[in-house]
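Analysis of the macromolecular model
Each chain is listed here by its residues.
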Amino acid sequence: MLDTAPGQTAAEPIARIDRLRVEFETRQGPVAGVEDLSFDIRPGETVCVVGESGSGKSVSSLSLMRLIEFGGGNIARGRLLFDRKDGGEVDLATQSQKVMRDIRGNEIGMIFQEPMTALNPVFTVGRQLSEGLRVHRGMSREAANAEALDLLRQVRIPEPERRLKQYPHELSGGMRQRVVIAMALACKPRLLIADEPTTALDVTIQAEILALMDRLKRETGTAVMFITHDMAVVAQMADRVVVMFRGNKVEEGTVEEIFERPQHPYTKALLAAVPRLGEMQGKPLPEPMKLFGRPDQTIAPIPGSNETLLTVENLTTRFPVKGGFFRRTVANVHAVEDVSFTINKGQTLSLVGESGCGKSTCGRSVLRLVEPLRGRVDLGGTDVLGLGPGALRDKRSEMQMIFQDPFASLNPQMTLADQVAEPMRNYETHKGSGMMDRVAMLFDRVELPRSFMKRFPHELSGGQRQRVAIARALALTPKLIVADEAVSALDVSVQAQVVNLMMELQADLGLSYLFISHDMAVVERVSHRVGVMYLGRIVEIGPRAAVFEDPRHPYTRALMKAVPVADPRRRKSEKDLNFKPIPSPIHPVGFEPAETVFEEVSPGHFVLVSDSGY
Amino acid sequence: MTDSPQDDLIVAAGADLPIEALKDTVPDTPPVSKWSAIWSQFRKHKGAMTGAFFLAIITLGVLLGPYLWTLDPQTLDIRAKDMRPIYTALWNAEAKTGWSHPLGTDQLGRDNLSQLIAGGRASMAVGWAAMLLSLLIGTAVGVMAGYFRKLDGPLMRLTDLFLSLPILPLLLVAVTLFRQPLRANFGPEGGMFVLIVAVVGITSWMPTARIVRGDILAIKEREFVLAARSIGTRSSLIIRRHLLPNVLSPIMVSATLGLATAIITESALSFLGVGFPSDFPTWGKMLADAVARMEDFPERVVLPGVAISLTVLGVNYLGDGLRDALDPRLRGR
Amino acid sequence: ERGEDGHVNIIYWQAPSIMTPYLSSGTKDIEAASLVLEPLGRYDETGALVPYLAEEIPTVENGGVSEDLTTITWKIKEGMVWSDGSPMTSADVKFTADYCMDPEGGCAQLAKFDHISSIETPDDLTVVVNFDKPMPNPYGPFMGGQSPILQKAQFEECTGAAASTCTEANFYPIGTGPFVVDEFKPNDVISLSANPNYRDPAKPAFATATLKGGGDAESAARAVLQTGEFDYAWNLQLAPDVLSSMAEAGAGVPVSAFGTLVERLEMNMTDPSPDLPEGERSTVAHPHPILSDMKVRQALSMAIDRDLLVEVGYGQAGRATCNLVPAPALYASPNEDCLTQDVEGAKALLAEAGWTDTDGDGIVDKDGEPLSLLFQSSTNAVRQDFQALIKQWWNEIGVETELRNIDSSVFFGGDPGSPDTFQKFYADVEMYANNFDGTDPQSYLQMYRCGNEPKPSSQWQGENINRFCNEEYDALLDELAATGELEKRGEIAKRLNEMLTKDSYTIVPLVDRGRVSAHSNTLGGVVLNTWDSELWNAADWYRVE
Amino acid sequence: MLTFAVRRLVLSVPTLLFISFVIFMLLQLAPGDPMAQVPLTVPPEVKQKMREALGVGEPALVQYWKWLVQVFWTEPKVFIDWLTRDSFLLGWLPDTQLYQGELRVISWQTRSPVMDIVLQRIPQTLWVVGLSYVVGVLIALPIGVYSAYRQYSVFDQAGTFVTMVGFSIPPFFTGPLLIVVFSVYLGWFPSIYDTTHVVNDWDSFMVQLRQMVMPVMVLALQTTAQLSRYMRASMLDNLGQDYVRTARAKGLSEGIVVMVHVLRNSMIPVVTVIALGVPAIFGGAIITENVFKVNGIGQLLLTALFANDLPMVMTLTFIFAFLIVLFNLIADVLYGLLDPRIRYD
Ligand SMILES: Nc1ncnc2c1ncn2[C@@H]1O[C@H](COP(=O)(O)OP(=O)(O)OP(=O)(O)O)[C@@H](O)[C@H]1O
Ligand SMILES: Nc1ncnc2c1ncn2[C@@H]1O[C@H](COP(=O)(O)OP(=O)(O)OP(=O)(O)O)[C@@H](O)[C@H]1O
Ligand SMILES: [Mg+2]
Ligand SMILES: [Mg+2]
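It should be emphasised that the depicted structure is a prediction, and the values quoted were computed from it without experimental measurement.

At the interface, 60 residues of chain C touch 49 residues of chain D. Ranking the residues of chain C by area buried against chain D places Asn187, Lys212 and Ser409 of chain C at the top, with a combined share of 12%. Where chain C touches chain D, the interface holds 0 salt bridges. For the pair chain C and chain D, the number of links is 11 residue pairs in polar contact (both at pLDDT 80 or more). A per-class count over the side of chain C that touches chain D returns 21 nonpolar, 26 polar and 13 charged.

Spelled out as structure tokens, the structure:
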């Protein structure tokens, strides 16, 4: 089993997708989700399917499971040949649903992207795990439960016995994804389809999950069809890569071929857009990315200024947890704990850290979208925390925010022009045609065609929406923009464009950013200074080069290690990874955390030396 | 403001990307105005179109009817009492029919057709007005409770209070307290109209409030509301611009149910004998009055019954269609 | 043979809520109680007095009533026993009077016991009632369904304020009547069975009975006439065509009888205008601007076609009348002038009174004011039909009418705080029905005495609803009260009746309303009686095969 | 969860007091008088005496206070006495004899304790209105599930149509219609409900069944109409969820996917809707009860209203309010129990 080494081309393929075409019936007539796709998967091999959002990756995988019918699609053409366990190749496209039920979960397992929603919220983990076993293996309840426990052990969930009785919402995202993986592996399928299994996860958890899948694949010899849009993940996982573009395969090859000798311009563009950790080594200042196909691009570092714009001192934000009979505060979520930093005019400070470490809360506290408990926030000489409601509203025009999810941060019921004009209406800075002129100019500035002004958000792609959000933030000519995961939800190519746009704006307008992200590669690209957060505190802060090239705090180091690198020759192995679960930030009332003590290891580079909980 | 550094925003850098692959897809349909998009979506909903069609016919019928069929619904013609509709002549030659009263007359010789038209005016007016009133209250309470955390508890208890208010005594109270001033201002029928609308409205807004509150609570957590706050939108505007349009579809559904309930509540009030002046026809009252003679004169129950049902059905289907059409996400597909 | 006919089903669309008539004056309660409780004597279907528990009806002739009309002596029949087997005595009778006359008891029939100065019980079977003034009609107490005899032993603890808390006694009274209560579900159903100690060993023919309440007249009629589920249905106030079409089904028959109930219009002699300050509206301080003119009132009466009203609203169960006192024959005036409708005459009268249509809008006017009236009544299908018809006729003579109907619990509720009671009469014309108990109209006619009108100073209590005031009328009333001789009394009563109706048109009688009930074809022995409880002779009912 | 429930329970006390006060004052404002039934010939002084005997004359606040004491102090005592004396469950306990003949809430119409009558009425209301609710729910759920599963199918369209018609036709029309058809012409079912009927064997059970058919049908039509809409919407919401795809990917049969995974989730909001509808059962269905003469709580309220029996109306509305508040709480608790994601504390 162990040595069905990758790239062993001799074996017969386990699944063959042959000229697949999938169509959806819509009100505008049939739409092709996949136009023409063919590729093979051989036993023990990991085939990565990459491509932008909407390129047909999920549709092709769902077709293979014949689940596409339930989503309103139908397989219009092509064969889906699958080699069944007990011999014989069948064309899945023509099998009855009854046969398919036998295959699904039994011979083909599937892992879905969103661990938050892929599990049924009202059944225990144990029940959902054992269900497939009982259907396909005819196991008794006890046997299935025992097997489920075993599965949980295999995916290395801590305290597996307890997990069996828990409900999905009681598990963290990473644990849930492990459960989903365990579920897919339950019946030892011969083909595992993983549809973006790590996209929604933190880097550290992503690293663990990837390593886990890699190990399981090696141990069981399953073939894996791995769908992702993240080139770094591809580099980590793939034996072979299929690149899809708008419903078609544009390129296929081994992972080294693809990364080192991409043929198709799309692949080239895609690879160019991928930020790679370490690319900025030796460059003290951030600079825009070099994008494929833009020869005229001038790349200049952005120096910023040395004038301090924002000073944050000892910022602490806690959320009360109410409980008991009288709904008194029984505990506090220490979301931000004694955080201090400064941002200079025209510069970017990035906050990185895992989910839940308090990045967003920190950003919102600065803008007073949540009320901090104490501390000082000084923006351009005004103490923001001391402002009354009226003055605060006025001050808000100087500080704006861009949110993570471009789908959620725009009102689906308003036209784009209205949304961009809204801040101007609120502050009455512009009126009538003047306002419309400025809206048009802002659209130009973020490189959106003016024809979009009358459209609604749902008509736009994610990247375009994020530009609208940026335009809205720029409308009041702010000095500071808090960008909370502003590019995390975007496709790589689009991400690169938006990052570049933000940097251009910074260079042109002297904007300062508080850039919040968990993506180390992007952070490396855009920041002047970087702060690493853990459990509400900054554990390390300093100039970007210092933090990235000379991480001092153990947490920073672990984080750096977890980041996948878009280079197939620098794969990580599971044993390098060792993350402790993040302790709870909830403390009873009256709990006062220890004082924060920093050590300055080099000029401007501070490392937390007091206890951080890590 | 204008001479801030942003002026050089205009010096946009932006040579096009040479490769089509990395360009964002631009929607190929030309931008359409919101209302025409809604309309084109709405048009595709067969049920909604049929519903709208019937509703339009009924509405037009009751609005224009009095000009086409000029008989006074309150005039008694005792000699022509108990006439059958003209179509009964098809199978029963002896039936007392006549073109002067195509749908027959009632036991006092009032013309059924003109009563139906006049009754429709009253029922529709009561239905719409009470529905709008209850929507207004329900939405206001729901939004307040959902948006302002402090108001949530008190307003929800208020909802409980209203849920347990008995409608009949309330109506009697309202009649005694307000009849005289209302009659002075709106006339006898108008005054009763205002009263009934008010009472039905006041006792039926609670489900709407509950639903709206739930949705507001959910939408309030969406990022675009936070975004609106961060660009300095005041609470009142957040509610108006961002929250209300997004709870429109549950409100629409409440509205369609509300219209039906209002028409039926009015008729139940007539049935229990507290309502409009006795010589003022409404569909509900016609139906209630005719139940006693249901066997001999089925048309007198069937006609208003069908009118009520058609209206309610029409409104319901219309609501279904509107809900789909008003949701821009569904509209896009 | 007692109990041989099994079970009888009676339906009252108003459900009885209590079994003693002393705590409720609702007809439904009085009639339900009459199955169990009996008075000393009853009125029969002709209005004549018949002894029940008494030997005979005391009269002046047989010496039972004293010459000066101040004493009446009842002799109880020998051997009367309660359903529990104990003997019924004069103590029970005296107790009944004490029970009702207790000032804290809130007795509903207190009026029956008016003017009693004392009651003596010389022996177990003799009751002597002394009045403090001559009573031409001394048959108030212990006569008819409203004042039956209660068992002293059972109600002894239930006098005064305790009356209302004696649920057991109030629901399960021990009586002498043909049935005893097995189960009483207030406002729903009463299950009864034959009284084992009933004085006639052969009666009642039914072993058990149910009296079901609730719903509406229409479904009660349906249950007897169409589906045959019930044997007897009470008071079917239904339009005649509805009733007759139901009767076609043939399971039962409607029966009707007449009493003294008259549906009438009352003309407000005072000004109800809302512009007047509160406390002066509808008071004698302001005569009615329009209706004070008798010609107008007469014209309004002449415009009405009473026969058509009867046809539409009552059919067999009604007859057109011009009298306030339509019966008994002794008191009924032969007044029939109003029976023919005369629209032209009415118009002429109005013109005579100065009301002409000067502006051609179809409504007559005088001094620029149109003749416009507010016409109110209680909520009831037949009344609303009447209102619609009358409005139409008045319209024909150029009178504009606004109709209003008020829920009967409010209209007849007498709440001084409500503007909508018939006593307040904040309208120009109102329509309702009234009658008198028993056969003597004296107190009925006395209602229209000057000064007896509802007014703020009397908390709007008073029975002179239309605020009629005539010295001559009052003098005649006094004469009536002092007259014992029947012939003479009849003369006076007729005069009084005419003064209210055809002489002044303050009261415009419309219909003499009979009572319609229905019984199934298999129920025999039903004699409809409007002078007493409808169930007065339930002991005689039997099953027809 | 427990603290949540207890807290809400405790909080509902002032709420209920407030509600009862508001209702009381409203009823005070309402016109009408318990003497409405008294014949017009009864002289005013007599009426006044009768009124005083009922305690109508007293100031409203005094009346309210008395009512409060009676409902919250005297009635519970009577109830406990009954428990320890006659009830099957606790009858073995020594008779407590707490009730010493204080004044209970007395109905003005019947002069008997309101609570006794209410207790008497509850069985028939439960039989008919309650059963119709159960029937309605049992019909509505499958319709809703299937309509959603086959969205826009003929079944779905027809279901929508029928439920809408059911929703739009008032019971005072359907009731008499059924009576004419089934009682008068076909003679299958009685048109009048016999509340004294005792079920003790198969035949009497059939009789009971027959007399319940029509009122139950009329009422169930309304319930079905509304609930099946909720069920359908909720199913549609859940059918589009990711976990459904996961379940299918496990190779589960459609039956299990829909009837176990989706249904269980869809039931969460529907169950609370069902719970919220329960107080209406106790409130009775005024018109339907009236049409079929099922003299239940609804009919009691109606007659009490028209007779201006203030203590009865007041007590009934209060019971109703109490149930609404209680079932609001139950709905919330159910929600928390059914949905493991919700945690109240
Ligand atoms: N149910 C559906 N109805 C209509 N069109 C659909 C449906 N599902 C997918 N499509 C279309 O099919 C195409 C491919 O979608 P698919 O979900 O496979 O993209 P993807 O590559 O998985 O993207 P992502 O990275 O966002 O998951 C898209 O253009 C989408 O619009
Ligand atoms: N409104 C709130 N009420 C209570 N707790 C909150 C609230 N908002 C955030 N928290 C808690 O505060 C902590 C920090 O949350 P925050 O959103 O700032 O994290 P984050 O670093 O932005 O995570 P992510 O990367 O997932 O966005 C978390 O434990 C979160 O549960
Ligand atoms: Mg996908
Ligand atoms: Mg965040």
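We now examine the nonpolar core. Leu243 and Trp283 of chain B together with Met231 and Met235 of chain D are the most contacted members of the largest nonpolar core, which totals 100 residues. Per element, the largest residue contribution to this core is 11 residues, and it comes from helix H9 (residues 254-283) of chain D. If near-sequence neighbours (up to four positions away) are discounted, Leu243 of chain B is found in contact with Tyr147, Ile216, Ile219, Lys220, Val225 and Ile238 of chain B.

The interface is formed by 33 residues belonging to chain A together with 25 residues belonging to chain D. In total, chain A and chain D occlude about 2600 Å² of area from one another, counting both sides; carbon and sulfur atoms represent 64% of this. Seen at the junction of chain A and chain D, the total is 1 salt bridge. The partner of Glu131 of chain A in a salt bridge is Lys250 of chain D, and the shortest N-O contact between them spans 2.9 Å. For the pair chain A and chain D, the interface holds 11 residue pairs in polar contact (both at pLDDT 80 or more). If you list the elements that add at least two residues to the side of chain A that touches chain D, you get helix H1 (57-65), strand S6 (108-111), helix H3 (115-118), helix H4 (125-137) and strand S11 (308-323) of chain A. Sort the elements by how many residues they give to the side of chain A that touches chain D and H4 of chain A lands first, with 6 residues. Of the residues contributing to the side of chain A that touches chain D, the split by class is 17 nonpolar, 9 polar and 7 charged.

Before going further, it helps to spend a moment on the layout of surface pockets. Its volume calculated, the second largest pocket comes out at about 1000 Å³. Ala111, Asp114, Ser443 and Gln446 of chain C together with Pro43 of chain D are the residues nearest the centre of the second largest pocket, which is lined by 42 residues in total. Elements supplying a minimum of two residues to the lining of the second largest pocket: helix H12 (442-446) of chain C together with helix H2 (44-54) of chain D. A per-element tally of the lining of the second largest pocket places H12 of chain C first, with 4 residues. Partitioning the lining of the second largest pocket into residue classes produces 19 nonpolar, 15 polar and 8 charged.

In this section: the arrangement of the chains. Of all 5 pairs of chains in contact, the one with the most contacts involves chains C and D. One thing to see here is that chain A and chain C don't touch, and their nearest C-alpha atoms sit 43 Å from each other.

Turning to a negative patch on the surface, a few remarks are in order. All names here are of chain C. Taken together, Asp357, Asp359, Asp361 and Glu400 make up a surface patch of like negative charges. Within the secondary structure, Glu400 is located in strand S16 (residues 400-406). Its relative accessible area of 36% is what places Glu400 among the partly exposed residues.

Let us now look at the pairing of S11 of chain A. Residue and element names in this part refer to chain A. Here S11 pairs with strand S12 (residues 328-344) via 12 bridges, running antiparallel. Considered in S12, the bridge of Thr311 is made with Thr342. Once S11 ends, the chain turns through 4 residues before running back antiparallel as S12, passing Gly324 with a positive phi of about 75 degrees.

Here the focus is the UniProt feature "transmembrane region" (unreviewed entry) in chain D. Residue and element names in this part refer to chain D. Under the UniProt annotation, "transmembrane region" (unreviewed entry) lies at residues 9-30, 125-149, 161-188, 208-225, 268-292 and 312-338. The distance from the first to the last C-alpha atom of residues 208-225 is 25 Å, and the span holds 100% helix and 0% strand. Its end C-alpha atoms 37 Å apart, residues 312-338 is made of 100% helix and 0% strand.

Criteria and thresholds
Residues numbered from 1 in each chain as written. Chains lettered and ligands numbered in written order. Predicted model: local features only at pLDDT ≥ 70, side-chain atom pairs only at ≥ 80, totals over all residues. Heavy atoms only, no water. Contact = heavy atoms within 4.5 Å. Buried area = accessible area lost by both parts, 1.4 Å probe. Salt bridge = Lys/Arg side-chain N within 4 Å of Asp/Glu carboxyl O. Polar contact = N/O pair within 3.5 Å; in protein donor to acceptor, adjacent residues only side chain to side chain. Nonpolar A, V, L, I, M, F, W, Y, C, P; charged D, E, K, R; others polar. Core = buried A, V, L, I, M, F, W, Y, C linked by side-chain atoms within 4.5 Å. Buried < 20%, exposed > 50% of the residue type's maximum accessible area, 1.4 Å probe, protein only. Helix = DSSP H or I, 4+ residues; strand = E, 2+ residues; numbered from the N terminus. 1 Å grid on protein atoms, 1.4 Å probe; cavity = no way out; pocket = protein on both sides within 12 Å on 5 of 7 lines; lining within 4 Å. Points joined across faces, edges and corners; volume = space filled by probe spheres on them. Patch = residues over 30% accessible without salt bridge, like charges linked within 9 Å, V, L, I, M, F, W, Y side chains within 5 Å. Areas by Shrake-Rupley, 256 points an atom, 1.4 Å probe, with all protein chains shown as cover. Lys, Arg positive; Asp, Glu negative; His and termini not counted. Charge placed at Lys NZ, Arg CZ, Asp CG, Glu CD. Pairing = 2+ DSSP bridges. UniProt positions renumbered as here; feature names shortened; annotations may be inferred.

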